[in-house]
Amino acid sequence: MFGRFRFGNSQATQGEAFHALRMVEDHWAQLRRAGGIPARTALDPRALQTALAHCVVLERIAPGMARIRVAGARVNDLLGMELRGMPLSALILPDSRDIFRSALEEVFDRPARAKLGLQCESGMPGQMLLLPLLDRHGRVTRALGCIDHSARPTIGLTRFGIDGQVIRPVSPRVQPADPVPASDVDQDRTVATHVPHLRLVVR
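Residues numbered from 1 in each chain as written. Predicted model: local features only at pLDDT ≥ 70, side-chain atom pairs only at ≥ 80, totals over all residues. Heavy atoms only, no water.

Participant: How do you make sense of the overall build of the chain when you look at a structure like this?
Facilitator: Regarding its fold elements, the chain presents 5 helices and 8 strands. Counting from the amino terminus, the chain carries its helices and strands in the arrangement α-α-β-β-α-α-β-β-β-β-α-β-β. Counting the 203 residues in the chain, one finds 43% classified as buried. Considering only residue pairs separated by 6 or more positions, the chain has 62% of its internal contacts joining residues 24 or more positions apart. If you sum the accessible surface of the chain, you get close to 11,600 Å²; carbon and sulfur atoms cover 51% of it. (Helix = DSSP H or I, 4+ residues; strand = E, 2+ residues; numbered from the N terminus. Buried < 20%, exposed > 50% of the residue type's maximum accessible area, 1.4 Å probe, protein only. Contact = heavy atoms within 4.5 Å. Areas by Shrake-Rupley, 256 points an atom, 1.4 Å probe, with all protein chains shown as cover.)

Written as structure tokens, this is what we have:
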């Protein structure tokens, strides 16, 4: 659904901006209750509401690299341009890119959820959340991100350094068991008796 959904312009205040990260993590966690890592196609823009402008959907393209497939308006505002197709590392200052690449690999390879502390060039703090997603082949090559900050973009260029991170592994998707044939279920649950037209049900 996100592939056909366009993130709208944001009218969010700073309070709403910091609420965005929590909303994104809650939605992802809700999808995980069905078992394992959510698929990208399971994301529901309606459940994210005002967080959409702060979100990105990522595609892994190489170890430690992911390009932006969809970006919200507030994310695009950071560099004053449409970021679709660009690496997410374009938003990270050069001194912090090794840390960022390492965190990104944890998200895709372990897989794990990552929360990064951000510090923009003007000194304003923020956070970035990265959550693993499955592609249509069941591989962890997608991620849902949220950049939650109070910085005001200046001259169309705002990038961040990383001043802390929390990495938490997540369990892989649990594959459903093969269905049991109806005939086997009947045999397991009933035992024949010696009385015609009567069967003993075993519970």
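Participant: Explanation requested: the nonpolar core in the structure shown.
Facilitator: With 48 residues, the main nonpolar core has Val24, Leu88, Phe100, Met128, Leu130 and Ile147 as its most contacted residues. Aside from chain neighbours lying at most four places away, what touches phenylalanine 100 is Leu88, Ser89, Ile92, Leu116, Met128, Leu130 and Ile162. (Core = buried A, V, L, I, M, F, W, Y, C linked by side-chain atoms within 4.5 Å.)

Participant: Teacher, can you tell me more about the sheet that holds strand β6 (residues 160–169) here?
Facilitator: Whenever strands of a sheet pair, they do so through backbone hydrogen bonds, lying parallel or antiparallel. Spatially, the 6 strands line up as an open sheet ordered β2-β1-β5-β4-β3-β6, and their pairing is antiparallel. Each edge of the open sheet is held by one strand with a lone partner, namely β2 (65–71) and β6. Within the sheet, the average angular offset between the axes of one strand and its neighbour, ignoring direction, is 25 degrees. Relative to strand β5 (residues 142–149), strand β1 (residues 55–62) runs antiparallel, the two sharing 5 bridges. Each residue of the ladder has a partner; that of glutamate 59, found in β5, is arginine 142. (Pairing = 2+ DSSP bridges. Axes fitted to C-alpha atoms, helices over the stretch in contact; angles between N-to-C directions.)

Participant: Would you mind showing me how to read the pairing of β2 here?
Facilitator: Two faces belong to every sheet, and in a regular strand the side chains alternate between them. Of the pairings in the sheet, the one linking β1 to β2 comprises 6 bridges and is antiparallel in character. Within the sheet, the bridge partner assigned to valine 56 lies in β2 and is alanine 71. Between the antiparallel neighbours β1 and β2 lie 2 residues, among them glycine 64 with a positive phi of about 75 degrees.

Participant: Even after reading the chapter, I still don't get the pattern of salt bridges, so can you show me in this structure?
Facilitator: Oppositely charged side chains are able to pair whenever their charged atoms sit close together. Scanning the entire structure with this criterion turns up 11 salt bridges. A salt bridge links glutamate 105 to arginine 60, with the shortest nitrogen-to-oxygen separation between them at 2.7 Å. One end of the pair, glutamate 105, is in helix α4 (residues 97–109); the other, arginine 60, is in strand β1, with 45 residues separating them in the sequence. Across the pair arginine 60 and aspartate 109 runs a salt bridge, and its minimum N-O distance is 3.0 Å. (Salt bridge = Lys/Arg side-chain N within 4 Å of Asp/Glu carboxyl O.)

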